[in-house]
Amino acid sequence: MTRFRPAGGIQALAFVVVLAVLPLLFGQHWVVSLLVFTVMYAGLAGSWNLLGGYAGYPALGHGAFFGIGAYAMTIGTTHLGVGGGYRPFLLVVPIAVGTAVVVLPIARLLLRTRAVAFAVLSITVMFMVQTLAYNIRGLTGGSQGIAVPLAPFAADTFERPFYYAMAVLLAVTVAVCWVVRTSKLGLALNAVRDDEDRARGLGVQTELVKLVAFSVSAGLTAAFGAVWAYYISYVFPGFAIDPLLSLGAILMAFLGGRRTLWGPVIGAALIVPAQQYFAYRYGASHLYLVAYAALFLLVIYLLPDGVIPSIVHRITRLRSSHRARARKDQILMEPALTPGERG
Amino acid sequence: MHLLLQATIAGILVGGVYALLASGQAMIFGVTRTVNFAQAIFAILSAYLSYTLFVDIGLDPFLSVLVLVPAMFAFGGGIYILMLRRLSRSSAELALLVLYALGIGVQGVLDFAYQTNTRVIAPAYADSSWTIAGYQIPVVRFYAFVLAAAVLYALYVIRQHTKLGRALRATTQNPVAARLLGVDVERISAIAMGLGVAAAGAAGAVFGMVIPFNGNSQYDLLSKLLSIAVLGGMASMGGTIVAAVILGVVESVVAATISPDWSAFAFLVVLFAVLMFRPQGLFGRRLRGAL
Amino acid sequence: MVSTVRRSWTVPACLAAALLLGACSTSATTSSPGSSGAPLVIGASMSLSGDFADLAGPAKKGYDLWADTVNAKGGLLGRKVSLKIVDDASNPTQVVTNYQNLITADHVDLVFGPFSSLLTVPAATIASRFGYAFVEPSGGAPQVFALHLHNLFLAQPAPIVTSGDAYAAYILSLPADKRPHTAAYPTADDPFTTAIVTRIRQRLEAAGIRTVYSQTYAAETVDLSPITTRLVAEKPDLIISGTGGADAVAEVKGMVQAHWTPKFVYFTGGPNDPTFPSKVGAANAEGIFGTSDWLAEAKTAGNADFIKAYVAKYGGTAADIDPAAAEAFACGQLLELVAQRTGKIDNATIISALHKGSWPTVEGNLTWDADGATQGADIVVQWVGGKLLPVYPPAEAFAKPIAKPAWAG
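Calculation notes
Residues numbered from 1 in each chain as written. Chains lettered and ligands numbered in written order. Predicted model: local features only at pLDDT ≥ 70, side-chain atom pairs only at ≥ 80, totals over all residues. Heavy atoms only, no water. Helix = DSSP H or I, 4+ residues; strand = E, 2+ residues; numbered from the N terminus. Rg over C-alpha atoms; globule rule 2.2 N^0.38 Å. Contact = heavy atoms within 4.5 Å. 1 Å grid on protein atoms, 1.4 Å probe; cavity = no way out; pocket = protein on both sides within 12 Å on 5 of 7 lines; lining within 4 Å. Points joined across faces, edges and corners; volume = space filled by probe spheres on them. Buried area = accessible area lost by both parts, 1.4 Å probe. Salt bridge = Lys/Arg side-chain N within 4 Å of Asp/Glu carboxyl O. Polar contact = N/O pair within 3.5 Å; in protein donor to acceptor, adjacent residues only side chain to side chain. Buried < 20%, exposed > 50% of the residue type's maximum accessible area, 1.4 Å probe, protein only. Lys, Arg positive; Asp, Glu negative; His and termini not counted. Pairing = 2+ DSSP bridges. Core = buried A, V, L, I, M, F, W, Y, C linked by side-chain atoms within 4.5 Å. Phe/Tyr/Trp six-rings, centres within 6.5 Å; stacked < 30°, edge-to-face > 60°. Lys NZ or Arg CZ within 6 Å of the ring centre and 35° of its normal. Expected span 1.5 Å × (residues − 1). Right-handed = clockwise from strand over helix to strand, strands pointing away. pLDDT = per-residue confidence, 0-100.

### Things to note about the overall build of chain B
Part 1 of the argument: Within chain B, the secondary structure is distributed over eleven helices and two strands.
Part 2 of the argument: Going residue by residue from the N terminus, the α and β elements of chain B occur as α-α-α-α-β-β-α-α-α-α-α-α-α.
Part 3 of the argument: Rg of the C-alpha trace for chain B: 19 Å, near the compact-globule value of 19 Å for 291 residues, within the 12% margin.
Part 4 of the argument: Projected onto its principal axes, the C-alpha coordinates of chain B cover approximately 60 × 50 × 35 Å.
Part 5 of the argument: Counted over contacts in chain B with a minimum sequence separation of 6, partners at least 24 positions apart contribute 77%.

The structure is reproduced here in structure tokens:
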């Protein structure tokens, strides 16, 4: 049963308003373009988190699903003749659902392993998908790549439809994460993460919940891939199925806080602009990688649990020490009570 | 048939070098429970250093191993002491991320220092090969294999027949018990890391002769190493050797007889199949939690 | 226990702050719009790290050299040229961000193209949207021209697809007894090499040359021994190999180690790299064919000055210059010519001017079709006597083609 808290509703509203208003506040093209990628990564981190954070299964191969979404978009718009304009956005939902269904058999196999073996197997699947993308040339264009019809949007606000598509997907991702967290499914996933064997012994439907987490996670990731393909307008196997993409999303989830709702979003909001900025400003001197690594390390050492838990922890400690001091003052200030007077 | 045997020989030779790299990683994992995501870039660092020694003072890469192994040992141990010791044992994932970030940083420094054009260490004998019973045996790959075997043997001797080795094995099996028995787990962990990175150093020095490399080569190499580690069993050094040779042979044979496009795929299928039945790998042990 | 109501506000606050911080962190640098006297800022995204980094380096040198040369002459229309080169890490997402930033944040006056057709495609569409001319050095794959962009101009004499035509023509020009009877076609899987090799293969098969081995391998493959094993096993007369450079070196070494020499060897990428002989051995490089869009010996417009300036700035000799540097330099030359011929240097003028007439650069005299593909031809080159010389077509040849000598151990 999902519990609905008023504070949660206000959070959600604030979030949606911020998302909706951002491109209007910062209208410059480069900002909106950056926001497209930031929101995309936030969603990728969030959907990864369902499997990697809540269930504790470190999937390193989500790039495969992103690529499947991207190719599905290109195949839909070209081979299936869906065409351009706003119609490709309509393809996103069937692509997400289709991917979620198609991965079920693979997920069943993969989820039989755990931790590092699972991680490596997921990378394996990703490279397999990449190989298929290179080799099934009739469908995917192979290494020649395949084009998505260029969007006909007005040059002035070209990036906006893509931003809003990504933003809607992000809102859906956060909503899904929230529903999962506050439901029995979330509890089951946490149980799996903490001690899977014991959970199963206690009667938790571990197989089913893991499968659901995997499938939903994959479907959402594919949705982002589909919109990305339309934005970049050309899909090559090496770029669409990219191990660094998965690693980036994971880093953001870790940074923000893997067991939290907003963690992945905050992680993405901090890392994506910083990373693109570093590449832009410092790339020419090759020090961009060094700066990026330094930032990464700084975060790991200073905020080992992620941004949100660390901040919350700090606030909690401040408050409890504040409260302890207040209690101490109170005790000192209270006149001594005789046994008879104590009520 | 000739083709098949030729490809198998080539696969075994290159598998030896991968085995050395992967064994180092297995040793590190066994003792510290951390997957060294920077193993590949450390090998490449060593390759660059070997290249510099070769180009600047004409030191043969096989001889440079004598210099690089101790240097990389110190480097690995230093990394553990400076960066990993402060992370608690339970945060294996954080250690993994730290090493990953370090790897990126090292790549950045290498890109900066050496620029990004690919290099190859090319001593005079680099292109020669022997022909034995009609099969090609490239000289460099053969000696690289011999070196890898020698270093692996040395590691084996250390593990099985020295007090240090006993401490390493004890910590791998059960760190808490080892500590209770008087093993300085932190010191042993640092040494294990040093040994693992030294193995990478030895492998890297000769790797640079076999394949053109730059900072970006680390990703391809890392994915091979991870596949080998999982197939062989994360902490099992013997397992990783077997798995590395399997990788080398499968890739080489499939590439020669079917197509290079499918060689990596074929190995992944093998890996997949094994893990379905034995998730801990060929020689790994089923550990609760961490695996 | 911490109050949940209070805690819930910290999160959206963090979120908003993070997003604002992120959005503001990439603050724009100012660059004054085109008042005369103010520097002319030209932006370009280059692959300074990542997969293409080793190939993109010479292109950056070409751009830098051109900027120095033109500034020494007083700049373009009295304005000093200032290059803003940024790194795209060989990644299309970064390329999009870079050109967005260059054009709409830093408001550069003009842009040059990135390295590699794979990155040129997304970059060109952005430039087109904002009306920027897109002169680019290395995006010659068919996909680039399939975009049908009016603002795009390739700075090479021929697009990729036709660069192999010259070699096919050479083979077919040989008398029947000297022609190869069998051919092998290994190629790396990327739009550059596959297009060339496929096209040559179609022409040669139609002329009756039998294909004994054909293989596409993943572009990142570094271990070519399976390929060379098959080549040695099949022993074709002619090898047409789609390579990027490092794989060409690997294939030669593989054949050397196997002690087998084909009659004709052609690589799409590799031989026209000046360091090729040092990588495979000077004696082994002898007789290997390639095609080139630029040669040090060519008498193209400004070539001698380009070489002199290059050697003065970067050292080495003319033989060390990678064609990528010349391609980038040619991009700059085109801008200079537009300025000279029209007296203006804004994007609209560049676009309309370049579509008419012929434009002489170090890459030859260039003309373009409506999609930005050039309409010339590349030249067949061969390593003869330790030098890379044009050998076909005879009109442009500096030497006659030689037979491939056996590998030197």
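### Description of empty space enclosed by the protein
Part 1 of the argument: One pass over the full model with this rule turns up ten cavities of 30 Å³ or more.
Part 2 of the argument: By volume, the largest cavity amounts to about 90 Å³.
Part 3 of the argument: Contributing to the lining of the largest cavity are 13 residues, with Phe-158, Tyr-231 and Ile-232 of chain A together with Thr-125 and Arg-129 of chain C lying nearest its centre.
Part 4 of the argument: If you list the elements that add at least two residues to the lining of the largest cavity, you get helix H10 (206-232) of chain A together with helix H3 (92-105) and helix H4 (117-129) of chain C.
Part 5 of the argument: Broken down by element, the residue count for the lining of the largest cavity peaks at four residues, all from H4 of chain C.

### Points about the interface of chain C and chain B
Often the size quoted for an interface is simply the accessible area lost on bringing the parts together.
Part 1 of the argument: Across the contact, 25 residues belong to chain C and 26 residues belong to chain B.
Part 2 of the argument: Between chain C and chain B the total buried area reaches about 2000 Å² when both faces are included, carbon and sulfur atoms providing 51% of it.
Part 3 of the argument: Here chain C and chain B share zero salt bridges between them.
Part 4 of the argument: Here chain C and chain B share one residue pair in polar contact (both at pLDDT 80 or more) between them.
Part 5 of the argument: Secondary structure elements with two or more residues in the side of chain C that touches chain B: helix H2 (53-72), strand E7 (210-218), helix H9 (225-234) and helix H10 (246-257) of chain C.
Part 6 of the argument: Looking at the side of chain C that touches chain B, the element that brings in the most residues is H9 of chain C, giving five residues.

### So, the side chain of Lys-404 of chain C
Residue and element names in this part refer to chain C.
Part 1 of the argument: Here Lys-404 is to be found in the segment after strand E14 (387-392).
Part 2 of the argument: There is no salt bridge for the buried Lys-404, and the closest opposite charge comes from Glu-286, which lies 7.7 Å off by N-O distance.
Part 3 of the argument: Contacts of Lys-404, omitting those with residues within four sequence positions, involve Thr-261, Pro-262, Lys-263, Val-265, Asn-284, Glu-286, Gly-287 and Ile-288.

### Some words on the pairing of E14 of chain C
Residues and elements named next belong to chain C.
Part 1 of the argument: Counting buried residues along E14, five of its six residues qualify, which places the element largely inside the surrounding structure.
Part 2 of the argument: Note that strand E13 (residues 379-384) and E14 share five bridges and pair antiparallel. In the sheet register, Val-381 faces E14, and the bridge partner there is Pro-390.
Part 3 of the argument: The loop that links E13 with its antiparallel partner E14 comprises two residues; one of these, Gly-385, has a positive phi angle of about 60°.

### Points about unusual backbone geometry
Residues and elements named next belong to chain C.
Part 1 of the argument: With an omega of 0°, the peptide bond running from Tyr-392 to Pro-393 counts as cis.
Part 2 of the argument: Tracing the backbone through its elements, the reader meets Pro-393 in the segment after E14.
Part 3 of the argument: Even without a glycine there, the phi angle at Lys-235 is positive, about 50°.
Part 4 of the argument: Along the chain, Lys-235 turns up in the loop between H9 and strand E8 (238-241).
Part 5 of the argument: The partly exposed category is assigned to Lys-235, whose relative accessible area is 47%.

### Considerations on the nonpolar core
Part 1 of the argument: Counting 298 residues, the largest nonpolar core has Phe-162 and Trp-228 of chain A, Phe-42 of chain B together with Phe-306 of chain C as its most contacted members.
Part 2 of the argument: With 17 residues, the single largest contributor to this core is helix H8 (residues 185-210) of chain B.
Part 3 of the argument: Leaving out residues up to four positions away in the same chain, Phe-162 of chain A has contacts with Val-36, Phe-89, Ala-151, Phe-153, Val-227, Tyr-230 and Tyr-231 of chain A.
Part 4 of the argument: In terms of nonpolar packing, the next biggest core, distinct from the first, is built from 28 residues, Tyr-213, Trp-260, Phe-267 and Trp-383 of chain C among them.

### Comments concerning the environment of Val-362 of chain C
Residue and element names in this part refer to chain C.
Part 1 of the argument: Along the chain, the position of Val-362 falls in the loop between strand E11 (359-361) and strand E12 (364-366).
Part 2 of the argument: Taking relative accessible area as the criterion, Val-362 reaches 1% and is therefore assigned buried.
Part 3 of the argument: Residues Val-362 and Tyr-392, 30 residues apart in the sequence, show an inter-C-alpha distance of 19 Å.
Part 4 of the argument: In this structure, Val-362 is in contact with Trp-294, Thr-300, Ala-301, Gly-302, Asn-303, Phe-306, Ala-326, Phe-329, Ala-330 and Gln-333, ignoring residues within four places of it in sequence.

### Describing the pattern of salt bridges
All names here are of chain C.
Part 1 of the argument: For the coordinates displayed, the defined rule picks out 16 salt bridges over all chains.
Part 2 of the argument: Of the charged contacts in the structure, one is a salt bridge between Asp-64 and Lys-60, with a shortest N-O distance of 3.1 Å. You can see Asp-64 and its partner Lys-60 sitting in helix H2, four residues apart, about one turn around the helix.
Part 3 of the argument: Look at Lys-60 and you get partly exposed, because its relative accessible area is 23%.

### Describing the packing of aromatic side chains
Part 1 of the argument: For the structure on display, the rule yields 44 aromatic pairs over all chains.
Part 2 of the argument: Measuring from ring centre to ring centre gives 4.7 Å for Phe-15 of chain A and Trp-262 of chain A, while their planes differ by 65°; the resulting arrangement is edge-to-face. In this pair, Phe-15 of chain A is assigned in helix H1 (residues 6-25) and Trp-262 of chain A in the loop between helix H12 (243-256) and helix H13 (263-282), connecting sequence segments 247 residues apart.
Part 3 of the argument: In this structure Phe-15 of chain A comes out as buried when scored by relative accessible area, which is 5%.
Part 4 of the argument: Given a relative accessible area of 7%, Trp-262 of chain A falls into the buried group.
Part 5 of the argument: Ring geometry for Tyr-48 of chain B and Tyr-114 of chain B: centres 4.2 Å apart, planes at 25°, overall stacked. Pair noted here: Tyr-48 of chain B is in helix H2 (residues 39-57) and Tyr-114 of chain B is in helix H4 (residues 92-114), with a separation of 66 residues, a long-range link.
Part 6 of the argument: A relative accessible area of 0% places Tyr-48 of chain B in the buried class.
Part 7 of the argument: Across from the ring centre of Phe-158 of chain A, 3.5 Å away, lies the NZ or CZ of Arg-129 of chain C, which sits over that ring.

### Quick look at H12 of chain A
All names here are of chain A.
Part 1 of the argument: In this model, H12 (14 residues) spans 20 Å end to end at C-alpha, consistent with the 20 Å of a helix rising 1.5 Å per residue.
Part 2 of the argument: In terms of burial, H12 is largely enclosed, as twelve of its 14 residues are buried.
Part 3 of the argument: Turning to H12, its buried residues number three or more, namely Leu-245, Ser-246, Leu-247, Gly-248, Ala-249, Ile-250, Leu-251, Met-252, Ala-253, Phe-254, Leu-255 and Gly-256.

### Regarding the pairing of strand E9 (residues 264-267) of chain C
Residue and element names in this part refer to chain C.
Part 1 of the argument: Neither face of E9 is open: one carries Phe-264 and Tyr-266, the other Val-265 and Phe-267, and all of them are buried.
Part 2 of the argument: Relative to E9, E8 runs parallel, the two sharing four bridges. Residue pairing across strands places Ile-239 opposite Val-265, the latter belonging to E9.
Part 3 of the argument: Once you follow E8 into H10 and on to E9, the crossover reads as right-handed.

### What about the side chain of Arg-141 of chain B?
Part 1 of the argument: For Arg-141 of chain B, the location among the structural elements is in helix H5 (residues 139-161).
Part 2 of the argument: Accessibility expressed as a relative area gives 16% for Arg-141 of chain B, which makes it buried.
Part 3 of the argument: Filtering out sequence-adjacent residues up to four positions away, Arg-141 of chain B remains in contact with Leu-13, Val-14 and Val-210 of chain B together with Asp-223 and Ser-225 of chain C.

### Quick look at the confidence of the model for chain A
Should pLDDT be low for a region, the predicted coordinates there are not to be read in detail.
Part 1 of the argument: For chain A, the mean per-residue pLDDT works out to 84, and 94% of the residues sit at or above 70.
Part 2 of the argument: Put simply, helix H14 (residues 287-302) of chain A is where chain A has its lowest mean pLDDT, 76, and H10 of chain A is where it has its highest, 94.

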